[in-house]
Amino acid sequence: MPSNLNPLGALPSRFRRPRVLIVGCGDVGLRVASHLPSRVKLMALTSSPERAPALRAQHITPLQGNLDDPATLRRLAGLATRVVHLAPPPSHNPDWRSDPRTLALLRALRLRSAPQSLVYGSTSGVYGDCAGDWVPETRRVNPNTPRSQRRVHAEHQLRLYGRVSGTPVHILRIPGIYAPDREGGTPRGRLLKGTPVLRQEDDVYTNHIHADDLARACLAALWRGKPQRITHVSDDTQLLMGDYFDLAADLYQLPRPPRLPRSTAQEQLPLMLLSFMGESRRLDNLRLKTELKLVLRYPTVESGLRA
């Protein structure tokens with residue numbers, strides 16, 4: 001007879017294995033999966049049936065569902081022991097300050113037993129412009145774009161879920177992701193276009209993380225992260241954006257990008273690019289090195305681009 005503690009009775013061996021669900025299994029999600037041992041049951045939520053064969057080829061079980069259609073997420077309840085949530089908020093939403101995808105996921109997870117841990121990939125953009133200051137994880141958020149405001153909303157919902165359900169929720173705030181084997185993962189394409197950067201006196205600090213380091217950080221947080229904590233996932237460099245592109249140009253043996261004053265750049269560059277040029281901060285990643293006991297594989301952007 002089933003016990004009172006486990007009304008379903010003894011679980012089959014396949015359900016006693018660690019079961020990791022990746023929500024938003026793109027480039028970083030696949031890297032997370034590649035670092036997990038074969039004894040871990042891997043699952044990924046996908047809204048594209050055509051992705052199923054590729055996921056299966058990576059030993060990942062595809063689960064058909066759409067974060068924009070909450071009714072398709074009910075099957076996720078109680079399915080995974082640990083969850084990695086890497087899906088971005090929708091870019092078009094009537095309430096531009098909220099993330100309905102994260103809300104839909106959490107409502108599905110609430111239907112049955114809560115996972116043992118949940119890791120969310122957020123963005124360092126939640127701080128807004130910090131005028132080049134060093135930014136610890138304890139700094140108050142100050143989002144000044146709809147994109148970052150949606151991330152703040154998602155973070156609040158996740159931390160509330162963690163407090164209510166008892167699930168340890170760990171939030172990773174992520175800067176620019178780079179890797180030579182990642183689509184758009186290097187500045188080479190932009191350098192070939194000759195896209196300008198700001199002149200030295202107008203320039204902003206930018207932060208970076210190699211995609212493999214980010215994947216390893218997700219796993220460290222998933223198993224060793226302290227509950228309801230925030231960690232900056234950033235490498236050790238301190239680079240102004242223009243210096244970063246100059247360094248990359250030298251490594252690729254390409255011309256350095258032209259420099260423009262901010263007033264001229266506002267007339268010539270697209271709004272999305274200008275939004276990144278309007279925020280300057282240096283991320284303090286002390287928790288990454290101490291609490292998660294993580295030694296970065298790529299301590300500098302230069303070594304990562306050369307890998």
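The structure presented is a predicted model; accordingly, all values stated were derived computationally and were not measured.

So, how was this worked out
Residues numbered from 1 in each chain as written. Predicted model: local features only at pLDDT ≥ 70, side-chain atom pairs only at ≥ 80, totals over all residues. Heavy atoms only, no water. Core = buried A, V, L, I, M, F, W, Y, C linked by side-chain atoms within 4.5 Å. Buried < 20%, exposed > 50% of the residue type's maximum accessible area, 1.4 Å probe, protein only. Helix = DSSP H or I, 4+ residues; strand = E, 2+ residues; numbered from the N terminus. Contact = heavy atoms within 4.5 Å. Phe/Tyr/Trp six-rings, centres within 6.5 Å; stacked < 30°, edge-to-face > 60°. Lys NZ or Arg CZ within 6 Å of the ring centre and 35° of its normal. pLDDT = per-residue confidence, 0-100. Expected span 1.5 Å × (residues − 1). Pairing = 2+ DSSP bridges. Axes fitted to C-alpha atoms, helices over the stretch in contact; angles between N-to-C directions. Parallel < 35°, antiparallel > 145°, perpendicular 65-115°, else oblique. Left-handed = near helix turned anticlockwise from the far one by under 90°. Right-handed = clockwise from strand over helix to strand, strands pointing away. Lys, Arg positive; Asp, Glu negative; His and termini not counted. Salt bridge = Lys/Arg side-chain N within 4 Å of Asp/Glu carboxyl O. Polar contact = N/O pair within 3.5 Å; in protein donor to acceptor, adjacent residues only side chain to side chain. Disulfide = S-S within 2.5 Å.

## Quick notes on the nonpolar core
Point 1. With 31 residues, the main nonpolar core has Val20, Ile22, Val32, Leu42, Ile60, Leu172 and Leu214 as its most contacted residues.
Point 2. If you list the elements that add at least two residues to this core, you get β1 (19-23), α2 (27-34), β2 (41-46), β7 (169-174) and α7 (211-224).
Point 3. When residues of this core are assigned to their parent elements, the largest contribution, 8 residues, is made by α7.
Point 4. Excluding its chain neighbours within four sequence positions, the residues that come into contact with Leu172 are Val119, Tyr120, Gly121, Ser122, Thr123, Ala217, Cys218, Ala221, Thr231 and Val233.
Point 5. In terms of nonpolar packing, the next biggest core, distinct from the first, is built from 24 residues, Ala80, Ala108, Leu158 and Tyr161 among them.

## Quick notes on the packing of aromatic side chains
Point 1. Inspection of the entire model under this criterion finds 1 aromatic pair.
Point 2. Between Arg97 and the ring centre of Trp96, over which it is positioned, the NZ or CZ distance is 5.4 Å.
Point 3. Positioned above the aromatic ring of Tyr205, the side-chain terminus of Arg282 is 4.4 Å from the ring centre.

## Thoughts on the side chain of Ser234
Point 1. Relative to the helices and strands, Ser234 is located in the loop between β12 (229-232) and β13 (239-240).
Point 2. With residues near it in sequence (within four places) discarded, Ser234 still touches Pro175, Asn207, His208, Ile209, Leu283, Asn285, Leu288 and Leu296.

## A word on the confidence of the model for the chain
Point 1. Across the chain, the average pLDDT comes to 91, with 95% of residues at 70 or higher.
Point 2. When the criterion is pLDDT under 50, residues 1-10 qualifies, and its contacts beyond four places in sequence or with other chains add up to 5 contacts.

## Section: helix α5 (residues 146-165)
Point 1. Taking 1.5 Å as the rise per residue, α5 with 20 residues should run 28 Å; its terminal C-alpha atoms sit 29 Å apart, in good agreement.
Point 2. Considered for burial, the residues of α5 that qualify are Ser148, Arg150, Arg151, Val152, His153, Ala154, Glu155, Gln157, Leu158, Tyr161 and Gly162.
Point 3. If you follow the buried residues of α5, they end up packed against β4 (82-85), α4 (100-109), β5 (117-123), β7 and β12.
Point 4. Following α5 by one or two positions, Gly166 has its phi on the positive side, about 85°.

## A look at the sheet that holds β2
Point 1. Spatially, β3-β2-β1-β4-β5-β7-β12 is the arrangement adopted by the 7 strands of the open sheet, whose pairing is parallel. The open sheet has two edge strands, β3 (61-64) and β12, and neither has a second partner. Along the sheet, successive strands turn relative to each other by an average axial angle of 20°, direction set aside.
Point 2. The sheet contact formed by β1 and β4 spans 4 bridges and is parallel. Paired with Val20 across the bridge in β4 is Arg82.
Point 3. Where α4 meets the sheet, it contacts β1, β4 and β5, and its direction lies at approximately 180° from that of β5.
Point 4. Its contacts with the sheet place α7 against β1, β4, β5 and β7, and it is angled at close to 160° to β7.

## Some remarks on the packing of α4 against α5
Point 1. Put simply, α4 and α5 touch, their axes get as near as 10 Å, and they point 15° apart. Comparing the axis directions of α4 and α5 gives the class roughly parallel. The way α4 lies across α5 gives a crossing that is right-handed. Of the residues in α5, those touching α4 at Thr102, Leu103, Leu106 and Leu109 are His153, Ala154, Gln157, Leu158 and Tyr161.

## A short note on the pairing of β4
Point 1. Residues Arg82 and Val84 point to one face of β4 and Val83 and His85 to the other, with burial holding for every one of them.
Point 2. Sheet topology places β4 next to β5; 4 bridges connect them, and they run parallel. The partner of Val84 across the bridge, within β5, is Val119.
Point 3. Regarding the hand of the β-α-β motif, the stretch spanning β4, α4 and β5 is right-handed.

## With respect to the side chain of Asp235
Point 1. For Asp235, the position within the fold is in the loop between β12 and β13.
Point 2. Buried charged residue Asp235 carries no salt bridge. Nearest counter-charge: Lys289, at 9.2 Å.
Point 3. A distance of 3.3 Å separates the side chain of Asp235 from the side chain of Tyr178, its partner in a polar contact.
Point 4. For Asp235, the contacting residues outside a window of four places in its chain are Tyr178, His208, Ile209, Asn285, Leu296, Tyr298, Pro299, Thr300 and Val301.

## Remarks on α4
Point 1. Of all 10 residues in α4, 8 are buried, a share of seventy percent or more.
Point 2. Listing the buried residues of α4 in full gives Arg101, Thr102, Leu103, Ala104, Leu105, Leu106, Ala108 and Leu109.
Point 3. Of the surrounding elements, those touching the buried residues of α4 are β1, β4, β5 and α5.
Point 4. Its side-chain oxygen at 3.1 Å from the backbone nitrogen of Arg101, Asp99 defines the N-terminal cap of α4.

## What to know about the state of the cysteines
Point 1. Scanning all chains against the criterion turns up 0 disulfides.
Point 2. Looking at Cys218, it has no disulfide partner, and the nearest cysteine sulfur is the one in Cys25, 11 Å off.
Point 3. The exposure class assigned to Cys218 is buried, which follows from its relative accessible area of 0%.

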